[in-house]
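A look at the structure
Listed here are the chains, written in short residue letters.
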Amino acid sequence: MRERVSLALVHHPTLDRRGAVVATAVTTLDLHDFARLGRTYGLGPVYAATPLDGQRSLVARLLGHWVGGRGGELNPGRREALESLRVVGSLPEAARDLEMRWGEPPVLLGTSAREGPDRLGFRQARALLRDGGQPALLVFGTGWGLAPEAVAACRWVLEPVRGAGGYNHLSVRSAASIVVDRLLGPD
């Protein structure tokens, strides 16, 4: 089951602090951590979605160093994690890649730090992933979250990760780790 669950880190369409739709910058720390998260939990490919050529080149350089270059020779564990990383131009491109891989389209499961209508609880989502059999793509937004058109592409959106107080502004890396553990970690 886990190998049919993948992660997407979306850099466009996302929101800025004012709510405008933007393309956010790729950060290599996010890519390293998402790849390591995917490998730790035995997930399928990890996607970084950005339409910006310069950002895609940055990801290619990162992969060249850690997968095909000296970085991978010195740190085989990092290479092993980053081998699952794919850069794509958009969220639909990631979904198409998974459909070609699995022979059926993935269910897109969005994430958000915001409350909203029809949010799917973690227990419900865990059961769907366990029992559904269909591949799934967990979609995470950068910046101030996924833009409405990215949210609309998702069949469901998970409830926010809630902490102990009113503060709710986790890094996308931290939120992803919590979400994956809640959905796919041990009972």
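This text follows the structure it describes.
These notes cover the structure that comes with them. In this convention, every chain numbers its residues from 1, walking through the sequence in written order. With the structure being a predicted model, the display of local features is reserved for residues of pLDDT at least 70 and the display and counting of side-chain atom pairs for 80 or more, all residues being used for whole-chain, interface and lining totals. Excluded from the side-chain calculation are hydrogens and water; included are all heavy atoms of the structure.

Description of helix H5 (residues 91–102)
Along an α-helix, residues three or four apart share an orientation, since each turn contains 3.6 residues. We count it as follows: Working definition: helices are DSSP H or I runs of at least four residues, strands are E runs of at least two. Numbering for both runs from the N terminus. In a helix, the anticipated span is given by 1.5 Å times the number of residues less one. Working rule for contacts: check all heavy atoms of both residues, and any pair within 4.5 Å makes them a contact. Within 3.5 Å is the distance limit for a polar contact, defined as a pair of N or O atoms, with the added protein rule that one can donate a hydrogen and the other accept it, and that residues adjacent in sequence qualify only through two side-chain atoms.
Its 12 residues give H5 an end-to-end C-alpha distance of 17 Å, which sits within 8% of 16 Å, the value for a rise of 1.5 Å per residue. Of the surrounding secondary structure, the elements contacted by the buried residues of H5 are strand S1 (5–10), strand S4 (46–49), strand S5 (85–88), strand S6 (107–110), strand S8 (136–141) and helix H7 (148–152). Near the N-terminus of H5, the side chain that reaches the backbone nitrogen of Glu93, with its oxygen 3.2 Å away, is that of Ser90. Among the residues trailing H5, Gly103 stands out with phi positive, at a value near 80°.

Details of the nonpolar core
The criterion, for reference: To form a nonpolar core, buried Ala, Val, Leu, Ile, Met, Phe, Trp, Tyr and Cys residues must be joined to one another through side-chain atoms within 4.5 Å. Any residue under 20% of the maximum accessible area for its type is buried, any over 50% is exposed, and the rest in between are partly exposed; the area is computed with a 1.4 Å probe on protein chains only.
Grouped together as the largest cluster of nonpolar side chains are 35 residues, with contacts concentrated most on Leu7, Leu85, Phe140 and Leu183. Counting residues per element, this core draws most heavily on helix H8 (residues 172–184), at six residues. In this structure Leu7 touches Phe34, Leu37, Gly38, Leu43, Pro45, Val46, Tyr47, Leu137, Leu138, Phe140 and Val180, once residues within four positions along its chain are discounted. Membership of the second largest hydrophobic core comes to 15 residues, among which are Val10, Ala94, Ala95 and Val139.

Quick look at the sheet that holds S1
Spelled out, the test is: Two strands form a pair only when DSSP identifies at least two bridges running between them. Fitting a line to C-alpha atoms yields each axis, with helices limited to the stretch in contact; the angle taken between N-to-C directions then spans 0 to 180 degrees.
The strand order S5-S4-S1-S8-S6-S9-S7 describes an open sheet built from seven strands, whose pairing is parallel. Looking at which strands have only one partner, the edges of the open sheet turn out to be S5 and strand S7 (119–120). The sheet contact formed by S6 and S8 spans four bridges and is parallel. If you follow Leu109 over to S8, its bridge partner there is Leu138. Packing against the sheet, H5 makes contact with S1, S4, S5, S6 and S8, and its axis sits at approximately 160° to S8. Across the sheet, H8 is in contact with S1, S6, S8 and strand S9 (156–158); its angle to S8 comes to roughly 155°.

Worth remembering: the numbers are spatial, not functional.
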